[in-house]
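Listed here are the chains, written in short residue letters.
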Amino acid sequence: MGYVSARGGLDAIRAAEKLVRTKRLVSDSNWLEEEQILDKLRLLVDRVMGEAGLWEPQLASKAIRQSEGDATEAVHLLRAYRSTLPRLAYSEATDVNDAQVMRRIVPAFQRVPGNQLLGRSVDYTARFLERTADADAREEAEKLRGAEREIVEEKNPPAEEISPRRLIDLLRDMDMLIDRRRTDDPEPFDITRTPARPPAPRSALLSSMSRADTGALVNQWYRNILGPDGYLHEVTLGEVRHATLPLNVRHPVTGDVVTVTHIRVSEVEAIEDLEGIDEDRTRFDVGYGLCFGHNERKAIAMANLDIACHRDAGHTQLEQSLLLTTDALDSAGFLEHLKLPHYVTFRSMIERKLAVRKMRSNEASTHDGA
Amino acid sequence: MRLTTLTSKESTLVFRALLTAFAFPGRVSQLPRELVARMPALCLPMLALTDIETTMCAPDQPELQAEIATITGARTVASREAQFVMHDAMPTDETTLNLHRGTTYQPELGCRLVLAWTVTTVPASPDSTQLRLSGPGVVSGTTLTVNSASAAFLAARSVANSRPPMGIDCWLVSATGEVIGLPRTTQIEAMDFAGSVPGKN
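Residues numbered from 1 in each chain as written. Chains lettered and ligands numbered in written order. Predicted model: local features only at pLDDT ≥ 70, side-chain atom pairs only at ≥ 80, totals over all residues. Heavy atoms only, no water.

Caption draft 1: Molecular detail of the overall build of chain B. Counting its secondary structure elements, chain B contains 6 helices and 10 strands. By residue count, 47% of the 201 residues in chain B fall in the buried class. Surface summary for chain B: the accessible area is close to 9600 Å², and the carbon and sulfur share equals 55%. (Helix = DSSP H or I, 4+ residues; strand = E, 2+ residues; numbered from the N terminus. Buried < 20%, exposed > 50% of the residue type's maximum accessible area, 1.4 Å probe, protein only. Areas by Shrake-Rupley, 256 points an atom, 1.4 Å probe, with all protein chains shown as cover.)

Have a look at this one:
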């Protein structure tokens, strides 16, 4: 039996698109407001903004609604939109010490300058699925609404708590850290313009990880630390922060630096124990991670992979894996394209196999005849 | 009529119209009418697509060129170096052949050319040439009727696009905001009055 290729058409594609749109817009449930997504699904909004490389909570919530909760599809929508926007200006470099923390923990040290600030976290919470009746939950929400106002009004933390000194500053004072700070100021690599390929500057690696798929990055981290890479090392986190950072640009008329908005970021410094034969075993080194929004899992993986990559120094395929395989759009795009028609390529494969079969049959006939 | 900065929404609408024009070469698309009422339609692609990282040139309209550069931050350079070139009249063969065509490895650097155009539905006559379009996205039977100056430009365009993937991409924009896309992949052949391409049946 021969292989007969099917043929789709523009009308069928339009009908499929209409089906998606109609099913999304027409339903018996209430209209899903953007505010609800922003407020109730904040971590998803943050994750989508981070993987899209675009800080715009309202648009991210629109994308999540349009994609029906498919984070990768929402990232695709935002990236596509972002690509149509003109670049208006370049931001000024921002000192992360200008950030105002909402949460700051230092797992490596109990008594740190500026104190531990747990903020909003479920790190210490037993996971129970709440099956409270809706009416009861709403009642509880009303009670908590008043209590929350009191908390906000009473809270006026001192400056050292809002912008606390870092553990690595303390370690530097103790001469416990390798100093890899650069004195020059190279232009950062722009991954939105040029795909980063190894060997790449650290800025390319950091931006790629910052925009990477969270799951892919965690997978790389786990593989690197416990998996077949066999790269067992001591992992201690120096800083884990959730903070707001000012975004500054130079005013086109006055030339002054002005703050145009604030973004929230997760920031992590990972302290690495050095034990290699060619390393300074009397000191530590530091890996750095920073990404949009509240996404500590990603920032922690990033910080650990940053220092792992530095220590690896191109001996394994770690850098290549991070640069080439962790982008959500790259990997999902390649995967999903498999669903598009491959009629010609597959027909060609069948014909090749039939040709081989025919050739072998001819050879067998010749052999039998001889 | 002064040009103004496009909002991100307006910019996206223009982008969408231009993208549709490239997706269906030869088919007339429409730039947003409210923008066309406010400023010259020819300038809309430049306002929507250029920014501080792009280069542009509008050699026969220096005032508009200066205004676009001020609004978008795009750098003005000679047309042979520009990523975006705008012409109010058909460019000469020399200009067309000197436009940047990109490289084998970076064909996307090829010039985007925005040309003023009068969309006509007048059938072919001795003063005009009817052209048949073919290539990816072209709806079968799509034709274009052009005058002799345009025909000369299209001939030069064919030469500029003769070494794929390098080449130039064009948008033909009317004063009322109708836009026709001619990406580099679109092939154009002259037809005789009977409507067939000479030498083909």
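Right, picking up where we left off after that structure.
Caption draft 2: Representation of the interface of chain A and chain B in the model. Residue-level contacts link 11 residues of chain A with 11 residues of chain B. Carbon and sulfur atoms make up 52% of the surface buried where chain A meets chain B, a total of about 900 Å² over both sides. Of all residues in chain A, A:Thr84, A:Pro86 and A:Arg87 give up the largest surface area on contact with chain B, accounting jointly for 48% of the area buried on that side. Note that A:Arg87 is salt-bridged to B:Glu53, the shortest N-O span being 2.8 Å. Applying the counting rule to chain A against chain B returns 6 residue pairs in polar contact (both at pLDDT 80 or more). (Contact = heavy atoms within 4.5 Å. Buried area = accessible area lost by both parts, 1.4 Å probe. Salt bridge = Lys/Arg side-chain N within 4 Å of Asp/Glu carboxyl O. Polar contact = N/O pair within 3.5 Å; in protein donor to acceptor, adjacent residues only side chain to side chain.)

Caption draft 3: Layout of a nonpolar patch on the surface. Residues A:Leu25, A:Val26 and A:Trp31 make up a contiguous nonpolar surface patch of about 310 Å² in total accessible area. For A:Leu25, the location among the structural elements is in helix H1 (residues 10-25). (Patch = residues over 30% accessible without salt bridge, like charges linked within 9 Å, V, L, I, M, F, W, Y side chains within 5 Å.)

Caption draft 4: Quick look at the packing of aromatic side chains. Tallied over the full model, the rule gives 3 aromatic pairs over all chains. Centre to centre, the rings of A:Trp55 and A:Phe292 are 5.6 Å apart; their planes meet at 65 degrees, and the pair counts as edge-to-face. With A:Trp55 in the loop between helix H3 (42-52) and helix H4 (57-66) and A:Phe292 in strand E4 (residues 284-292), the pair connects residues that are 237 residues apart, well separated along the chain. Owing to a relative accessible area of 21%, A:Phe292 belongs among the partly exposed residues under this scheme. Above the face of the B:Phe24 ring, B:Arg27 is positioned so that its terminal group lies 4.0 Å from the ring centre. (Phe/Tyr/Trp six-rings, centres within 6.5 Å; stacked < 30°, edge-to-face > 60°. Lys NZ or Arg CZ within 6 Å of the ring centre and 35° of its normal.)

Caption draft 5: Summary view of the nonpolar core. Residues and elements named next belong to chain B. Within the largest apolar cluster, 29 residues are counted, with the highest numbers of intra-cluster contacts made by Leu6, Val14, Leu31, Leu44, Ile68, Met86 and Val173. Those elements that place two or more of their residues in this core are helix H1 (8-23), helix H2 (33-36), helix H3 (44-49), helix H4 (62-72), strand E4 (84-87), strand E5 (112-116) and strand E8 (169-173). With residues up to four places along the chain from it excluded, the contact list for Met86 reads Leu42, Cys43, Met46, Cys57, Ala58, Pro59, Asp60, Gln61, Leu64, Ile68 and Val114. (Core = buried A, V, L, I, M, F, W, Y, C linked by side-chain atoms within 4.5 Å.)

Caption draft 6: Layout of the packing of helix H11 (residues 296-312) of chain A against helix H12 (residues 318-325) of chain A. Residues and elements named next belong to chain A. For the pair H11 and H12, the least separation of the axes is 9 Å and the interaxial angle reads 135 degrees. Of the possible angle classes, the one that applies to H11 and H12 is oblique. Taking contact as the criterion, the partners of Leu305, Ala308, Cys309 and Asp312 in H11 are, on H12, Leu318, Glu319 and Leu322. Grouping the amino acids of the contact of H11 with H12 by side-chain chemistry returns 5 nonpolar, no polar and 2 charged. (Axes fitted to C-alpha atoms, helices over the stretch in contact; angles between N-to-C directions. Parallel < 35°, antiparallel > 145°, perpendicular 65-115°, else oblique. Nonpolar A, V, L, I, M, F, W, Y, C, P; charged D, E, K, R; others polar.)

Caption draft 7: A look at the sheet that holds strand E6 (residues 128-134) of chain B. All names here are of chain B. Overall, antiparallel pairing links the 3 strands, which are arranged E7-E6-E10 in an open sheet. Either end of the sheet is taken by a strand with one partner, and the two such strands are strand E7 (143-147) and strand E10 (187-191). Along the sheet, successive strands turn relative to each other by an average axial angle of 35 degrees, direction set aside. Two strands pair when backbone bridges link them, and E6 and E7 are joined in this way by 5 bridges, in the antiparallel orientation. Bridging from a neighbouring strand, Gln130 pairs with Thr145 of E7. (Pairing = 2+ DSSP bridges.)

Caption draft 8: Spatial organisation of the pattern of salt bridges. Taken as a whole and judged by the stated rule, the model has 35 salt bridges over all chains. One salt bridge in this structure joins A:Arg180 and A:Asp285, with 3.0 Å as the shortest N-O distance. Of the two residues, A:Arg180 sits in the loop between helix H8 (167-173) and helix H9 (202-210) while A:Asp285 sits in strand E4, which places them 105 residues apart along the sequence. Residue A:Asp285 is classed as buried on the basis of its relative accessible area, which comes to 5%. A cluster of three or more residues bridged by salt bridges with shared partners is formed by A:Arg87, A:Asp190, A:Arg193 and B:Glu53.

Caption draft 9: Examining the layout of surface pockets more closely. Quantified by volume, the second largest pocket comes out at close to 2000 Å³. At the level of secondary structure, the elements contributing two or more residues to the lining of the second largest pocket comprise H1, H4, helix H5 (71-82) and helix H13 (328-336) of chain A together with H1 of chain B. When its residues are assigned to classes, the lining of the second largest pocket shows 20 nonpolar, 11 polar and 12 charged. (1 Å grid on protein atoms, 1.4 Å probe; cavity = no way out; pocket = protein on both sides within 12 Å on 5 of 7 lines; lining within 4 Å. Points joined across faces, edges and corners; volume = space filled by probe spheres on them.)

Caption draft 10: Molecular detail of the domain arrangement of chain A. All names here are of chain A. Each assigned domain of chain A is listed with its residue range as follows: domain 1 (12-83) and domain 2 (96-332). A straight line from the C-alpha centre of domain 1 to that of domain 2 covers 26 Å. Opposite the 15 residues of domain 1 that make contact, domain 2 presents 20 residues. Around 1500 Å² of area is buried between domain 1 and domain 2 when both sides are counted, 55% of it from carbon and sulfur atoms. Note that Asp46 and Arg264 form a salt bridge whose closest N and O atoms lie 2.9 Å from each other. Counting every contact that joins domain 1 to domain 2 gives 5 residue pairs in polar contact (both at pLDDT 80 or more). Those elements that place two or more of their residues in the side of domain 1 that touches domain 2 are H3 and H5. Top element by residues in the side of domain 1 that touches domain 2 is H3. It accounts for 8 residues. (Domains from an automatic or database assignment.)

Caption draft 11: Spatial organisation of the environment of A:Met102. Residue and element names in this part refer to chain A. Positionally, Met102 belongs in strand E1 (residues 100-105). For the pair formed by Met102 and Ile162, sequence separation is 60 residues and the distance between their alpha carbons is 7.3 Å. With near-sequence residues (within four places) excluded, Met102 lies in contact with Leu117, Gly119, His242, Ala243, Thr244 and Arg264.

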